[in-house]
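Here is how the chains run, residue by residue.
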Amino acid sequence: MNTKQGVIDTTTHTEIVQNLSEKLKTYYVFPDIAEQICIRLQKHLEGGAYTDITEGELLALALTVHMQEVNQDKHLFVRWYPEPLPDHEGPMCQNQEWLDERRQQAKLDNYGLHKVEVVSLNYVDEKLVNCGRIVAAQVPVESWEGHDSSGVLPSSKR
C-alpha cells in the first residue's frame, strides 16, 4: 500500500472498514445505530463497492455516504489522511496534535464566519463553528451589558 500517494488496494479497504467499525462500536453515541452502520459497511465491502476505489479521498467519501445512509448523521464522516495518524487511544478530540491541526484549519477558514449582517434592530444572529458543531442563537441586544450600538460585545465580555 502506498499511503503517501493516497493509492490504496483491496486489502487496505478491508483494514479500513474493520478499523472504522471498531471505532464506531466503541465511540459512537448510539450503539444500536453503530451496529447497523457497521453491517452496512461490511455489506458494501463484501459486495465489491470499494474494489475499484484506489484513492483515499474517494474511499473516504464512499464510506461517509454509506454511513450516512443509515441515519443521515451529517456529523459522522470519514476523512482521508495520506500519512498515518499518531497512535492514540480515545476520541481524536483528545489528541493534541489533531486538535492543533483543527484549530489551524478553523483559523484559516475564519472560524466559519464568512458573512456578518444585521438581521433586525433587536437581535443579533451568532453562528459559531467549533469542532464540526454549529451553534446558532438569537440574543436580544439590549440584554448584553456593556454592548455598544452595533450590538457587538466588548472583547472583555466575549
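As a reminder, the structure under discussion sits directly above these lines.
Residues numbered from 1 in each chain as written. Predicted model: local features only at pLDDT ≥ 70, side-chain atom pairs only at ≥ 80, totals over all residues. Heavy atoms only, no water.

(A) Summary view of the pattern of salt bridges. Applying the stated criterion across every chain yields a total of four salt bridges. Two residues, Glu-35 and Lys-25, come together in a salt bridge whose shortest N-O distance is 4.0 Å. Placement of Glu-35 in helix H2 (residues 31–46) and of Lys-25 in helix H1 (residues 10–27) is noted, with a sequence separation of ten residues between them. Using a relative accessible area of 45% as the deciding quantity, one classes Lys-25 as partly exposed. Here Arg-103 ties to Asp-100 by a salt bridge, and the two come within 3.6 Å at their closest N and O atoms. A residue pair is termed a helical-turn pair when its members lie 3 or 4 positions apart in one helix, as Arg-103 and Asp-100 do in helix H4 (residues 96–108) at three residues. (Salt bridge = Lys/Arg side-chain N within 4 Å of Asp/Glu carboxyl O. Helix = DSSP H or I, 4+ residues; strand = E, 2+ residues; numbered from the N terminus. Buried < 20%, exposed > 50% of the residue type's maximum accessible area, 1.4 Å probe, protein only.)

(B) A look at H4. For H4, which comprises 13 residues, the first-to-last C-alpha distance of 18 Å matches the rise-based estimate of 18 Å (1.5 Å per residue) to within 8%. Of the residues making up H4, those classed as buried are Trp-98, Leu-99 and Arg-102. What you see down the axis of H4 is that its buried residues fit within an arc of 95°, all on one side. Opposite the packed face of H4, turned more than 90 degrees from it, sit the exposed residues Glu-97, Lys-107 and Leu-108. (Expected span 1.5 Å × (residues − 1). Arc of directions from axis to C-beta.)

(C) Spotlight on the packing of H2 against helix H3 (residues 56–71). Contact geometry of H2 with H3 gives a least axis separation of 9 Å together with a crossing angle of 135°. Taken together, the axes of H2 and H3 lie oblique to each other. As H2 runs across H3, the sense of the crossing is right-handed. Between H2 and H3, the residues in contact are Ile-33, Gln-36, Ile-37, Arg-40, Leu-41 and His-44 and Leu-63, His-66, Met-67, Glu-69, Val-70 and Asn-71, respectively. The residue makeup of the contact of H2 with H3, split by class, is six nonpolar, four polar and two charged. (Axes fitted to C-alpha atoms, helices over the stretch in contact; angles between N-to-C directions. Parallel < 35°, antiparallel > 145°, perpendicular 65-115°, else oblique. Left-handed = near helix turned anticlockwise from the far one by under 90°. Contact = heavy atoms within 4.5 Å. Nonpolar A, V, L, I, M, F, W, Y, C, P; charged D, E, K, R; others polar.)

(D) Focus on the environment of Leu-58. With respect to the helices, strands and loops of the structure, Leu-58 is situated in helix H3. In this structure Leu-58 comes out as partly exposed when scored by relative accessible area, which is 45%. Sequence spacing of Leu-58 and Trp-80 is 22 residues, and the spatial spacing of their C-alpha atoms is 8.6 Å.

(E) Looking closely at the packing of H1 against H3. The contact between H1 and H3 brings their axes to 12 Å, and the two run at 45°. The angle between H1 and H3 places the two elements in the oblique class. Relative to H3, the crossing made by H1 is right-handed. Counted together, His-13, Ile-16, Val-17, Leu-20 and Leu-24 of H1 and Leu-59, Leu-63 and Met-67 of H3 form the full contact between these two elements. Residues of the contact of H1 with H3, tallied by class, amount to seven nonpolar, one polar and no charged.

(F) Expanded view of the side chain of His-13. Secondary-structure assignment places His-13 in helix H1. Setting aside its immediate chain neighbours within four residues, His-13 contacts Ile-8, Leu-45, Tyr-50, Thr-51, Ile-53 and Leu-59.

(G) Summary view of the nonpolar core. With 22 residues, the main nonpolar core has Leu-24, Ile-37, Leu-41, Tyr-50 and Leu-63 as its most contacted residues. Among the elements of the structure, H1, H2 and H3 are those that each provide at least two residues to this core. Excluding its chain neighbours within four sequence positions, the residues that come into contact with Ile-37 are Leu-24, Tyr-28, Met-67, Val-70, Asn-71 and Leu-76. (Core = buried A, V, L, I, M, F, W, Y, C linked by side-chain atoms within 4.5 Å.)

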